[in-house]
Amino acid sequence: MPMQAHTALNDIDAGAAAAVQARLTGLDEAEVQRRLARYGPNAVQEKRSRSVLDIVRGILREPMFLLLLTAAGLYLVLGDIGEGLFMMAGAVVTIGLVVLQEARSERALAVLRELAEPFARVIRGGAERRIPAHDLVPGDLILVGEGERLPADCLLIAGDALTVDESALTGESVPVVKRPAADQVTEAGDPEPGGDDTPYLFGGTLNVRGQGIAHVIRTGSATRLGRIGTSLAAVEDEPTLLQKTTGVLIARLAALALAFCGLVAVAYGVLRGDWIGGVLSGITLAIALLPEEFPMVLAIFMALGAFRLARHKVLVRRAAVIETLGAATFLCVDKTGTLTENRMVLTTMWRDGAVRELTDRSMLSEPDRQTLWIAMRASALRPVDPMDRAVHALDSRLPPESGEAAVPLRTYPLRPELLAFIQVWTDQDDGVLYAAKGAPEAIFRLCRMNDGQRTAMDGVVAGLASRGLRVLGVASRRNDRDGTVAPEDLAFTFEGLIGFADPVRVDVPQAVAEAKRAGITVAMITGDYPATALEIARQAGIDTSAGVLTGKEVAQLDPEGLRERVRRIRVFARIMPEQKLALVEALKANGEVVAMTGDGVNDAPALEAAHIGIAMGQRGTDVAREAADIVLLDDRFVSIIGGVRLGRRIFANLRKALTYVTAIHVPIAGLALLPILMGLPPILYPMHVILLELVIDPVCSLVFEGEPSEQHAMDKPPRPAAEPLFGISQIMLGFLQGAIILGAVFGLYAGALNSGVPEMQARGAAFVALVLGNLVLAFADAAEPGTSFFDSRRLAFWGIGAAAAGIVAAALYVPLLAGILEISPPSLPWLLIVAAVGVLAGGWFGLAKRLRET
């Protein structure tokens, strides 16, 4: 659907100042719907899903289907009209099956695109809401946080000075500073990106630092990014390495098929004098040799595999990672929100040498209340951080609603060199109050504590942390006047410590135990105090026997020393986001296949470096999500383990499907070629191959894709990282399976002819044995020992099997079809022999798997 122009500066700019004066209530729902109808959705033109017509066009360009149509045309012109119509009908049905399966993949991809749609935090009707960015309209008020990508062109009207990376629009790598607009906003015209000290924010750019409130002025195709949306939508997706590899394999087999096609046509014409029959036989062989199912199986498995993972709250951003999931050996996870519930509750306070439990606030002294009040002043007004929310939940006394004190004068966010959040407020008699809350060691430094004091306080912190509490320090500083002095240059007064409880999720210990059984090492990386980290790790079931490694120690270790330490240690505390990269590199150097979680801007390098980067979908920044291969939609650790389990299933089933595709083409090609070389009547004509394709195509994609995983898939170690999905061993296994079916069916055919069975009956027997052998082989390849024979997830297989039985029965016993296919039903004794040959030729591999398991 074409996008409408969403320019609204003329009627919006004046509203920005009014919004500030109206205490940022935002639009009401009626006005939102009016503007949504007027301006349309906030969506940049993107690649649309392929329509059925697009899919058909793509299929008709495939060599296999061109050969099918060519063969049908030749039969219509040169052969029997009935055979030609049968061939044409078979080609249409075959193409229809592929269209249905690819359309299913497109629907799955469309659902994935909806799940991957970004969200925005918006103020509407005076309340904060989280909505899809697609639903933003000009005039909306949005909250902009650190690490978030701007969803539309906006005007910054309140908050900090933002540092914004506009390189996506300007190409300049240096971020620019954006400052809130003045109260009275004038006509802006069409501002250009790249300006310093302006209030204009642009969709698609990244807020690197700071937070604020912005007023949406343009959405959709009217934004700077939207103006180039058409060219972006025209960019084609790059195929994955596996798709490129199989593409090369198919190209080589296609060249081989054409060469054999010419050879058979010439041999047939020279030896038998039947050039038309030679051409038709050559086309039959070419159709039989082309494994056109390879790209279809890959596309369907990747799309439906990603869809299955998304249903388990694991959104795959890069399809190739599905191959890697089953090989993961080391899983590094954050604590807060992943292992724990991310539901902070302020339960404990320490002040003046005594610990207070905050279960009954009526028992708190005035100094205790002062500590809590300072902690609240050091928390965001609209809290997003769980600890800020916990502080507000404990004490409902908000800052005054009028005057200069309604909002802080300045905010100093967390920085690597000072892990404390500080806000400056107007105080009595034109003075100012600095309220600080943060890591205890940062607060101790602000309070200018000496070594003795710090040592004593470290003991207090360790005692609280050993109870599994997240401990923060609280401090304040009052000045008679506001001199905009940096916090580091002031001596603060220590107000006390506050402790937050964040319980471990109830399903985490079981998931950690499952990961251990699967040969996956789980490590916890957190910015928390070491004692807290160890206690939470112990509750989660993570190995704590080797102790904890802190960020300070990581910084002091050389690469070799770090590689040695990470071989044993599973708990990492006080880790800065950038130190995660060093841990990833050390683990990779030790030969581990590393999965790393992250949610912050500075986590992006580690997520990029890890074999599997996992971003948090709910609390993660846009930068982390874009750097990651996987996004957890619910931020839960158990979803990661579920993703690994499902990834192993997808990998195993895809490998089985590709092996089966290789196997089934061997007997088809052999049965098309051997009779010619040995002077026997042909076994397969193109119409036979078409009937086989009607069975093979859905088996490849539907049966194998839906096959349940083996019962003990998570009790085995990860596969070696260097082991390819489809390598020499799988190709050789496929050729062996196909050769056994080929030998059995050809032996049956030759034996029947030698026994005096008429040609059409012998051909019918061979055709039935080939179909039955392929179906039994599909079941033997797909099914794992220990799974139920009639598992409900095998409905597709039994449905296809029943349909195949009906088709074969009709081909044998309906005279018109039997005449076209040049087959006739064998006698009952021969049918019993056919059944035995088909079951044994296709089922030996399943029996071998079961014997190996026992």
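Residues numbered from 1 in each chain as written. Predicted model: local features only at pLDDT ≥ 70, side-chain atom pairs only at ≥ 80, totals over all residues. Heavy atoms only, no water.

Draft legend 1. Region of the structure containing the overall build of the protein chain. Of the regular secondary structure elements, the protein chain holds 30 helices and 24 strands. Out of the 854 residues belonging to the protein chain, those deemed buried represent 54%. For the protein chain, restricting intrachain contacts to residue pairs at least 6 apart in sequence, the fraction spanning at least 24 positions comes to 72%. Carbon and sulfur atoms make up 59% of the accessible area of the protein chain, which amounts to about 35,700 Å² in all. (Helix = DSSP H or I, 4+ residues; strand = E, 2+ residues; numbered from the N terminus. Buried < 20%, exposed > 50% of the residue type's maximum accessible area, 1.4 Å probe, protein only. Contact = heavy atoms within 4.5 Å. Areas by Shrake-Rupley, 256 points an atom, 1.4 Å probe, with all protein chains shown as cover.)

Draft legend 2. Structural view of the sheet that holds strand S7 (residues 200–201). Ordered by their spatial adjacency, six strands build an open sheet running S2-S1-S3-S9-S4-S7, and the pairing between neighbours is antiparallel. The sheet is open, and its two borders are formed by strand S2 (127–132) and S7, each paired with just one other strand. Judged from the four bridges that link them, strand S3 (residues 141–144) and strand S9 (residues 212–218) form a sheet pairing that is antiparallel. Paired with Leu141 across the two strands is His215, which belongs to S9. (Pairing = 2+ DSSP bridges.)

Draft legend 3. Main features of helix H21 (residues 579–589). Within H21, the full set of buried residues consists of Gln579, Lys580, Leu583, Val584, Ala586 and Leu587. Buried positions in H21, seen along its axis, are confined to an arc of 165° and lie on one side of it. Gly591 occupies a position one or two residues after H21 and carries a positive phi of about 90°. (Arc of directions from axis to C-beta.)

Draft legend 4. Structural detail: the confidence of the model for the protein chain. Per-residue confidence for the protein chain averages 78 on the pLDDT scale, and 77% of its residues sit at or above 70. In the predicted structure, residues 230–238 sits below a pLDDT of 50 and forms 10 contacts with residues beyond four places in sequence or in another chain. Residue range residues 396–405 is modelled with pLDDT below 50. Its contacts to residues more than four positions away, or to other chains, number 19 contacts. (pLDDT = per-residue confidence, 0-100.)

Draft legend 5. Representation of the pattern of salt bridges within the structure. Within the structure shown, the criterion is met by 21 salt bridges. Here Asp427 and Arg478 are joined by a salt bridge, their closest N and O atoms 3.0 Å apart. Of this pair, Asp427 sits in the loop between strand S15 (420–426) and strand S16 (432–438) while Arg478 sits in strand S17 (residues 469–479), and the two are 51 residues apart along the sequence. Residue classification places Arg478 among the partly exposed positions, given a relative accessible area of 42%. Within this structure, Glu31, Arg34 and Arg35 form a network of salt bridges that share partners. (Salt bridge = Lys/Arg side-chain N within 4 Å of Asp/Glu carboxyl O.)

Draft legend 6. Quick peek at the environment of Val122. Mapped onto the elements, Val122 comes out in strand S1 (residues 119–124). You can call Val122 buried: its relative accessible area is 0%. As for Val122 and Ala214, which are separated by 92 residues in sequence, their C-alpha atoms are 9.4 Å apart. Aside from chain neighbours lying at most four places away, what touches Val122 is Ala127, Glu128, Arg129, Ile131, Leu136, Asp140, Leu141 and Ile142.

Draft legend 7. Structural view of the sheet that holds strand S18 (residues 493–501). Taken in spatial order, the seven strands make up an open sheet running S13-S12-S18-S17-S16-S15-S14, and their pairing is antiparallel. Looking at which strands have only one partner, the edges of the open sheet turn out to be strand S13 (354–357) and strand S14 (410–412). Pairs of neighbouring strands in the sheet enclose a mean axial angle of 20°, with direction left out of account. Sheet topology note: the strand S12 (residues 345–351)/S13 ladder contains four bridges and is antiparallel. By the bridge assignment, Trp350 is partnered in S13 with Val355. (Axes fitted to C-alpha atoms, helices over the stretch in contact; angles between N-to-C directions.)

Draft legend 8. Up close: unusual backbone geometry. Its identity is not glycine, yet Asp635 carries a phi of approximately 65°, on the positive side. Relative to the assigned elements, Asp635 resides in the loop between strand S24 (630–632) and helix H24 (637–677). Overall, the relative accessible area of 3% leaves Asp635 in the buried class.

Draft legend 9. Representation of the side chain of Glu514 within the structure. Position of Glu514 among the secondary structure elements: in helix H17 (residues 508–517). Not counting chain neighbours up to four residues away, the residues in contact with Glu514 comprise Ile641, Arg645 and Met714.

Draft legend 10. View of helix H28 (residues 795–813). Taking 1.5 Å per residue, 19 residues should reach 27 Å; H28 reaches 27 Å between its end C-alpha atoms and fits that length. When we look at burial in H28, the residues that qualify are Phe797, Ile800, Gly801, Ala804, Val808, Ala811 and Leu812. The buried residues of H28 occupy one face: seen down the axis, they fall within an arc of 105°. Exposed and facing more than 90 degrees away from the buried side of H28 are Leu795 and Ala802. (Expected span 1.5 Å × (residues − 1).)

Draft legend 11. Up close: the nonpolar core. Judged by nonpolar contacts, the single largest core of 106 residues is most densely connected at Leu331, Ile614, Phe637 and Val699. Top element by residues in this core is H24. It accounts for 17 residues. Setting aside residues up to four positions removed in sequence, Ile614 forms contacts with Leu331, Ala595, Met596, Thr597, Gly598, Leu607, Ala628, Ile630, Leu632 and Ile640. Leu315, Met596, Ala627 and Ala628 belong to the second largest nonpolar core, which has 28 residues in total. (Core = buried A, V, L, I, M, F, W, Y, C linked by side-chain atoms within 4.5 Å.)

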